[in-house]
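Here is how the chains run, residue by residue.
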Amino acid sequence: MTRVLLVEDDPALARALALTLRSRRYDVTVARDGGAALRDASSARPDVVVLDLGLPDVDGIEVIRSLRTWTQMPIIVLSARDGQRSKVAALDVGADDYVSKPFGIEELLARLRAATRRIAPENGESVVIAGDLVIDLAAARVSRSHVNIRLTPTEWHLLEVMVRRRGTLVTRADLLREVWGPAYEKQTNYLRVYLAQLRRKLEADPSSPRHLITEAGLGYRFEA
Ligand code: CA
């Protein structure tokens, strides 16, 4: 069973979420404020944290900062829909992903699956199928409708990073650091250029992509 630490001060929302997650066989611990969240994170050792940013005692951003001093457990942030700045701040201090309130439970469940898949050991699952795309991570090959697609090494590396973290947001800084190196963290224009190239090669309709999704101002997400 996957252990989830749910940090949410709204009692009705916390109760509804806990109920749903338990019905999907998650082991849920609920914390009502930041202090309890930090205590429970070390005592309950969750596999993943779902964290509301607006807490009564400390800012959710501070909770992330404290957690990141000792753990890399995945953190999914619940944030207000208009809270673009707080999303960016949360990702900057080490959150892995976010869901905007109000959200559908299926969306949160998909994010949870993606977050926990990322920490699970990769047990030979090297072929990823996304619509008419077949991406073979071990062989470094991609085909579309059974036709091999030729990618440059940089295009492949970019695709690989996103596919390995499929379903989760990959921030622009993360992509630039992993593909080009730490000195290139601010070169977001590289991403625009290379994502456009990848979409032309991989998407049926590059102008409305189904797999290589842009999250404006934040990063990119590969959706299978
Ligand atoms: Ca709140």
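Quick caveat, the model's predicted, so the values are computed rather than measured. Throughout this document, residue positions are counted from 1 along each chain, in the order its sequence is written. Thresholds applied to this predicted model are a pLDDT of at least 70 for local features of residues and 80 or more for the giving and counting of side-chain atom pairs; totals over whole chains, interfaces and linings are not thresholded and use all residues. Side-chain numbers come from the whole structure's heavy atoms, not from hydrogens or water.

Trainee: I'm lost on the sheet that holds strand β6 (residues 127-130) in this one. Help?
Mentor: Adjacent strands of a sheet form backbone hydrogen bonds with each other and so pair up, either parallel or antiparallel. Strand order in the open sheet made by the four strands is β6-β7-β8-β9, with antiparallel pairing throughout. The open sheet has two edge strands with one neighbour each: β6 and β9 (147-149). Each strand of the sheet is rotated relative to its neighbour by a mean of 25 degrees, with strand direction disregarded. If DSSP finds at least two bridges between two strands, the strands pair. Per the convention used, a helix needs a DSSP run of H or I reaching at least four residues, while a strand needs a run of E reaching at least two, with both numbered from the N terminus. Here four bridges tie strand β7 (residues 133-136) to strand β8 (residues 141-144), and the two strands are oriented antiparallel to one another. Directly across from leucine 133, in β8, lies its bridge partner arginine 144. By definition, residues are in contact when any of their heavy atoms lie within 4.5 Å. Fitted lines through C-alpha atoms serve as axes, helices being fitted only where they are in contact, and the angles separating the N-to-C directions of these axes extend from 0 to 180 degrees. In the packing of helix α8 (residues 188-202) onto the sheet, the strands contacted are β7, β8 and β9, and the crossing angle to β8 comes to about 50 degrees.

Trainee: What should I look at first to understand the packing of helix α6 (residues 153-164) against α8 in this one?
Mentor: The axes of two packed helices give the description: the angle between them and the distance between them. The interhelical angle for the contact between α6 and α8, taken along N-to-C directions, is 85 degrees, at an axis separation of 10 Å. Taken together, the axes of α6 and α8 lie roughly perpendicular to each other. Taken together, the residues of α8 that come into contact with α6 (itself represented by Thr154, Glu155, Leu158, Leu159 and Met162) are Leu191, Tyr194, Leu195, Gln197, Leu198, Lys201 and Leu202. Per-class residue counts for the contact of α6 with α8 are eight nonpolar, two polar and two charged. Orientation is classified from the angle alone, with under 35 degrees giving roughly parallel, over 145 giving roughly antiparallel, 65 to 115 giving roughly perpendicular, and any other angle giving oblique. Amino acids outside the nonpolar list (Ala, Val, Leu, Ile, Met, Phe, Trp, Tyr, Cys, Pro) and the charged list (Asp, Glu, Lys, Arg) are all regarded as polar, and Gly is one of them.

Trainee: Explain the environment of leucine 6 to me, please; I cannot follow it from the model alone.
Mentor: By the secondary structure assignment, leucine 6 is in strand β1 (residues 2-7). Linking leucine 6 and serine 42, residues 36 residues apart in sequence, is a C-alpha distance of 14 Å.

Trainee: Mind showing me how you'd approach the sheet that holds strand β12 (residues 219-222) here?
Mentor: The strand order β10-β12-β11 describes an open sheet built from three strands, whose pairing is antiparallel. Two strands in the sheet have a free side with no partner beyond their single neighbour: β10 (169-171) and β11 (212-215). The sheet shows a mean angle of 30 degrees between the axes of neighbouring strands, direction not considered. Here β10 runs beside β12; their pairing, made up of three bridges, is antiparallel. Bridge pairing links leucine 169 to arginine 221 in β12. Seen against the sheet, α8 touches β11 and β12 and runs at an angle of roughly 150 degrees to β11.

Trainee: Explain helix α3 (residues 60-67) here, please?
Mentor: Residue pairs three or four apart in sequence face the same way in an α-helix, which turns once every 3.6 residues. The buried label goes to any residue with under 20% of its type's maximum accessible area, the exposed label to any with over 50%, and the partly exposed label to all in between, with areas taken from a 1.4 Å probe on protein chains only. Three or more residues of α3 are buried, namely Gly60, Ile61, Val63, Ile64 and Leu67. For α3, the arc enclosing every buried residue in end-on projection is 160 degrees, short of the 170-degree limit, so these residues lie on one face. Of the surrounding elements, those touching the buried residues of α3 are α2 (34-43), β3 (48-52), β4 (75-80) and α4 (84-92). In the analysis that follows, any N or O atom pair within 3.5 Å is treated as a polar contact, provided that within protein one partner can donate a hydrogen and the other can accept it, and provided that, for residues neighboring in sequence, both atoms belong to side chains. Of the residues flanking the start of α3, the one acting as N-cap is aspartate 59, its side-chain oxygen 2.8 Å from the backbone nitrogen of isoleucine 61. Throughout, the arc means the angular range of directions from the helix axis out to the C-beta atoms.

Trainee: What is the right way to read the domain arrangement of the chain from this model?
Mentor: Considered domain by domain, the chain is made up of domain 1 (2-117) and domain 2 (122-222). Where each domain begins and ends is defined by an automated method or by a domain database. For domain 1 versus domain 2, the separation of C-alpha centres amounts to 27 Å. As a working definition, buried area equals the accessible area (1.4 Å probe) given up by two parts on being put together, with both sides summed. Summed over both sides, the interface of domain 1 with domain 2 buries roughly 830 Å², with 50% coming from carbon and sulfur. Its largest share of buried area at the contact with domain 2, domain 1 owes to Leu91, Tyr98 and Arg117, together 44% of the area lost on that side. Here, a salt bridge means any side-chain nitrogen of Lys or Arg that lies within 4 Å of a carboxyl oxygen of Asp or Glu. Where domain 1 packs against domain 2, one counts one salt bridge. In this structure, the salt-bridge partner of arginine 221 is aspartate 97, at a minimum N-O distance of 3.1 Å. At the junction of domain 1 and domain 2, the tally comes to four residue pairs in polar contact (both at pLDDT 80 or more). Listed by contribution, the elements that provide at least two residues to the side of domain 1 that touches domain 2 are α4, β5 (97-101) and α5 (105-119). Of the residues in the side of domain 1 that touches domain 2, the class split is five nonpolar, one polar and five charged.

Trainee: For this particular structure, what's the right way to read the coordination of the calcium ion?
Mentor: Tetrahedral coordination by four donors sets the ideal angle at the metal to 109.5 degrees; octahedral coordination by six donors sets it to 90 or 180 degrees. Around the calcium ion, the protein contributes the donor atoms Asp9 (OD), Asp52 (OD) and Gly54 (O), which lie 2.2 to 2.4 Å from the metal centre. Note that water is not among the atoms used; donors are N, O and S atoms within 2.8 Å of the metal (3.2 Å for Na, K and Ca), so sites may look incomplete. Of note, the calcium ion draws all its donor residues from one chain, in the sequence arrangement D-x42-D-x1-G. For aspartate 52, a relative accessible area of 6% gives the class buried. Glycine 54 sits in the partly exposed class, given a relative accessible area of 44%.

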